Amino acid sequence: MTQSPAAYADILSHSQRANFDIDQLLDARHEFDFSRPFLPDALARTNRLTMLSPEERLVFNQVRAHAYLSIFGLVEEFILPFLLDHARTRLDASDAEVRALLQFAGEEAK
């Protein structure tokens, strides 16, 4: 089911308001605090491992965060080419639709 041009225009408008610059979120001097977990326990699920010491659970949380980031990065590598292939087939669509797809691609490229 295809969206109406008005729906794409609305999506485009919302995405432009929510637009961000990654450099505004993290400056180049940002350093990780290895004294803290990198993932919430709801994702890392390391607090249940009572056979590990608190220090070992902290390190394991950070290892799990690295694994999560690696999987996330792998998936992200496929989104942009897939999205651009899809947008290429829609070049004859409304201006709002093409711009919304390209805006999404731009956000994914960040």
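Look a little higher up for the structure.
Here's what I pulled together on the structure shown here. These figures come from a predicted structure and were not determined experimentally.

**Brief notes about the side chain of T46**
Link 1 in the chain: Here T46 is to be found in the loop between α3 (41-44) and α4 (54-89).
Link 2 in the chain: Residue classification places T46 among the buried positions, given a relative accessible area of 2%.

**Let's talk about the environment of L101**
Link 1 in the chain: By secondary structure assignment, the location of L101 is in helix α5 (residues 95-109).
Link 2 in the chain: Here the alpha-carbon distance between L101 and L12, two residues 89 residues apart in the chain, equals 8.3 Å.
Link 3 in the chain: Sequence-distant contacts of L101, defined by excluding residues within four places in its chain, comprise L83, H86, A87 and R90.

**Some points on unusual backbone geometry**
Link 1 in the chain: Within the chain, R45 stands out as a residue other than glycine whose phi angle is a positive 55°.
Link 2 in the chain: One can find R45 in the loop between α3 and α4.

**Points about the packing of α4 against α5**
Link 1 in the chain: The geometry of α4 relative to α5 is characterised by a closest axis approach of 10 Å and an angle of 160° between their N-to-C directions. The angle between α4 and α5 places the two elements in the roughly antiparallel class. Two packed elements cross with a definite hand, and for α4 against α5 that hand is left-handed. Contact with α4, carried on its side by E76, I79, L80, L83, L84, H86 and A87, involves L101, L102, F104, A105, E108 and A109 of α5 and no other residues of that element.
Link 2 in the chain: A per-class count over the contact of α4 with α5 returns 10 nonpolar, 1 polar and 2 charged.

**Things to note about the environment of R36**
Link 1 in the chain: Counting through the fold element by element, R36 comes out in the loop between α2 (22-25) and α3.
Link 2 in the chain: When its relative accessible area of 54% is taken as the criterion, R36 is described as exposed.
Link 3 in the chain: Expressed as a C-alpha distance, the spacing of R36 and L58, which sit 22 residues apart in the sequence, is 7.1 Å.

**Regarding α4**
Two residues of an α-helix separated by three or four positions point the same way, owing to the 3.6 residues in each turn.
Link 1 in the chain: Compared with an ideal rise of 1.5 Å per residue, which puts 36 residues at 52 Å, α4 spans 53 Å between its outermost C-alpha atoms and is within 8% of the ideal.
Link 2 in the chain: The complete set of buried residues in α4 reads R57, N61, Q62, A65, L83 and A87.
Link 3 in the chain: Tucked into the core, α4 has its buried residues touching α3 and α5.

**Section: the pattern of salt bridges**
Two side chains with opposite charge may pair up if their charged atoms get near one another.
Link 1 in the chain: Evaluated as defined, the whole model comprises 3 salt bridges.
Link 2 in the chain: Residue R99 is joined to D95 by a salt bridge in which the shortest nitrogen-to-oxygen separation is 3.8 Å. Separated by 4 residues within a single helix, R99 and D95 lie in helix α5, roughly one turn from each other.
Link 3 in the chain: Looking at R99, the relative accessible area reads 41%, which means it is partly exposed.

**Comments concerning a nonpolar patch on the surface**
Link 1 in the chain: Nonpolar side chains collect at one region of the surface, where F32, F34 and F38 lie side by side and expose about 340 Å² of accessible area between them.
Link 2 in the chain: Residue position: F34 is located in the loop between α2 and α3.
Link 3 in the chain: The exposure class of F34 is exposed, given its relative accessible area of 55%.

Scoring rules and cut-offs
Residues numbered from 1 in each chain as written. Predicted model: local features only at pLDDT ≥ 70, side-chain atom pairs only at ≥ 80, totals over all residues. Heavy atoms only, no water. Helix = DSSP H or I, 4+ residues; strand = E, 2+ residues; numbered from the N terminus. Buried < 20%, exposed > 50% of the residue type's maximum accessible area, 1.4 Å probe, protein only. Contact = heavy atoms within 4.5 Å. Axes fitted to C-alpha atoms, helices over the stretch in contact; angles between N-to-C directions. Parallel < 35°, antiparallel > 145°, perpendicular 65-115°, else oblique. Left-handed = near helix turned anticlockwise from the far one by under 90°. Nonpolar A, V, L, I, M, F, W, Y, C, P; charged D, E, K, R; others polar. Expected span 1.5 Å × (residues − 1). Salt bridge = Lys/Arg side-chain N within 4 Å of Asp/Glu carboxyl O. Patch = residues over 30% accessible without salt bridge, like charges linked within 9 Å, V, L, I, M, F, W, Y side chains within 5 Å. Areas by Shrake-Rupley, 256 points an atom, 1.4 Å probe, with all protein chains shown as cover.

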